[in-house]
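# Coordinate analysis (summary)
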Amino acid sequence: MKLIKMSLVAAMALSTAAMAEISNLKVSGDAKLLYSTTESATNDLFSQAASIADTAFTLKATADLSKTLKAGVTASHVSTLGLENNLVGGTFSGSHPGTGVEDFTVTTEMWIAADMGKTTAKIGRQELDTPLAFSETWSVVPNTFNALTLSNKSFENTTIVAGWIGTGNGGLPLATDGQFTAFGTAGAYAVGAVYDNEKSKTKAQLWAYNALQLADALWLEYEQGMSDLTLGLQYTTLDLNSGVSSDAAAVKVGYAKDALSASVAYSQVGKDAGAGYNFATTTAGAQSKLYTEAWWWYGQVTLADTTAMNVTLEYDLTDSFNAAVFHTMTESTAGASDLTETTVALTKTYDDVEASLVYIMADISGIDQGDTVQLYVTAEF
């Protein structure tokens, strides 16, 4: 008995010592409810057949393992809560396995990072934010990547980034059941430089990508602030291994003062059809980083030989609500679908709860897509 007691004491002491190495443990997360309903020739707004919905509960934990090592884990549980039985006809994310409405849990992040002077190495499952490979946040759960990234801040106002992206779970934006598959077809290398000088109001970034067995890509972006105005320029190229090449360019003029902000943007995509992945996250129809990107109908702005324009107006009353209007128009001479989309969004924040009511009108190739009403509710903790 004495030996057993001593063993238990030793085990507890070892456990306490191990836990002592972990410091600055932070736990956070959120709960989301997303609902959308679209009028059609056969279904009325708010009818079960015209509506979709999803919920997600996300828990995130980060901790310092030592003076140089950090780690993080994020898991999300996605559920319809049985809403399809009487209120909606489908899911918002389109990611549910089995019958298409089954619950699923996905580990979207599991990484470890090491700080070595002015260089940080991060390996594992993680969110990315680069122009042609990034985590989309408009759905209940963002897509993530299994990757290795290195970032260095040796130069003032500049971050140098290099990385390998092996797999991802991108879909709509999340693949069914959150499953990870090869990014592109065999992974990709990326290297970039990001310059951000708050004093001169100058931002610039240059990125180069090599998606093995798929394509090479380049992204350049420059933004300059001038009093209440901002001028932005974007240029990107995409060269597929099949021999097809294309490019896209965009310009934006923005204005911001007090509670009002506004911008006008214009873009043009090259004429070569079949350029593949729409200058987005290697998924046709995915969201892009172009200034002219539509609010809801992704994939139209980045089609071959497409001219697009976007006008955005936002008015932020901090103590009451935020009102925004987004208008996007596209036109293509290559026979692609032309889009006209107008979105009005009202957002209210109360403590840690944010709710947005959204109204969307869209027309594609002269065909009315039906009025859409959406509700986004996020409670953070």
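Keep in mind that this is a model prediction, so the values were computed, not measured.

### Here we look at the overall build of the protein chain
Scanning the protein chain for helices and strands turns up one helix and 23 strands. Computed over its C-alpha atoms, the radius of gyration of the protein chain comes to 23 Å, within 12% of the 21 Å expected for a compact globule of 381 residues. For the protein chain, the spread of C-alpha atoms along the three principal axes comes to 85 × 55 × 50 Å. Here the protein chain holds 381 residues, and 40% of them are scored as buried. Contacts spanning at least 24 positions in sequence make up 52% of the contacts within the protein chain whose residues lie at least 6 apart. As displayed, the protein chain has an accessible area near 19600 Å², and 61% of this comes from carbon and sulfur atoms. Each charge sign in the protein chain was given a centre, from 19 positive and 41 negative side chains, and these centres are 16 Å apart.

### Some remarks on the nonpolar core
For soluble globular proteins, the rule of thumb is that nonpolar side chains tend to be buried together. Residues F145, I165, F183, Y209 and L290 are the most contacted members of the largest nonpolar core, which totals 27 residues. The set of elements that each furnish at least two residues to this core consists of strand 9 (145–152), strand 10 (158–168), strand 12 (188–197), strand 13 (202–211), strand 14 (215–226), strand 15 (229–240), strand 16 (245–257) and strand 17 (260–269). In contact with Y209, other than residues within four places in its own chain, are T130, P131, L132, A133, Y189, A190, A215, D216 and A217. V78, F104, V140 and A324 belong to the second-largest nonpolar core, a separate cluster that totals 15 residues.

### Details of the side chain of S263
Looking at the secondary structure, you find S263 in strand 17. The class for S263 is buried, based on a relative accessible area of 16%. Here S263 is in contact with K252, V253, G254, N310, V311 and T312, once residues within four sequence places are set aside.

### Brief notes about the environment of K201
Tracing the backbone through its elements, the reader meets K201 in the loop between strand 12 and strand 13. Note: C-alpha distance between K201 and S227 (26 residues apart in sequence) is 9.0 Å. Those residues in contact with K201 that lie beyond four places of it in its chain are E223, Q224, G225 and S227. Separated by 3.3 Å, the side chain of K201 and the backbone oxygen of S227 make a polar contact.

### Here's the deal with unusual backbone geometry
Apart from glycine, the bulk of residues carry a negative phi angle, and the bulk of peptide bonds sit in the trans form. For the bond running from L172 to P173, omega is 5 degrees, close enough to zero to count as cis. Summarising the element assignment, P173 is placed in the loop between strand 10 and strand 11 (181–182). Phi is positive for K201, close to 60 degrees, though the residue is something other than glycine. Look at K201 and you get partly exposed, because its relative accessible area is 42%. Positive phi outside glycine occurs at D258, with the angle close to 55 degrees.

The rules behind each value
Residues numbered from 1 in each chain as written. Predicted model: local features only at pLDDT ≥ 70, side-chain atom pairs only at ≥ 80, totals over all residues. Heavy atoms only, no water. Helix = DSSP H or I, 4+ residues; strand = E, 2+ residues; numbered from the N terminus. Rg over C-alpha atoms; globule rule 2.2 N^0.38 Å. Buried < 20%, exposed > 50% of the residue type's maximum accessible area, 1.4 Å probe, protein only. Contact = heavy atoms within 4.5 Å. Areas by Shrake-Rupley, 256 points an atom, 1.4 Å probe, with all protein chains shown as cover. Lys, Arg positive; Asp, Glu negative; His and termini not counted. Charge placed at Lys NZ, Arg CZ, Asp CG, Glu CD. Core = buried A, V, L, I, M, F, W, Y, C linked by side-chain atoms within 4.5 Å. Polar contact = N/O pair within 3.5 Å; in protein donor to acceptor, adjacent residues only side chain to side chain.

Interpretation in functional terms is not warranted from these geometric data alone.
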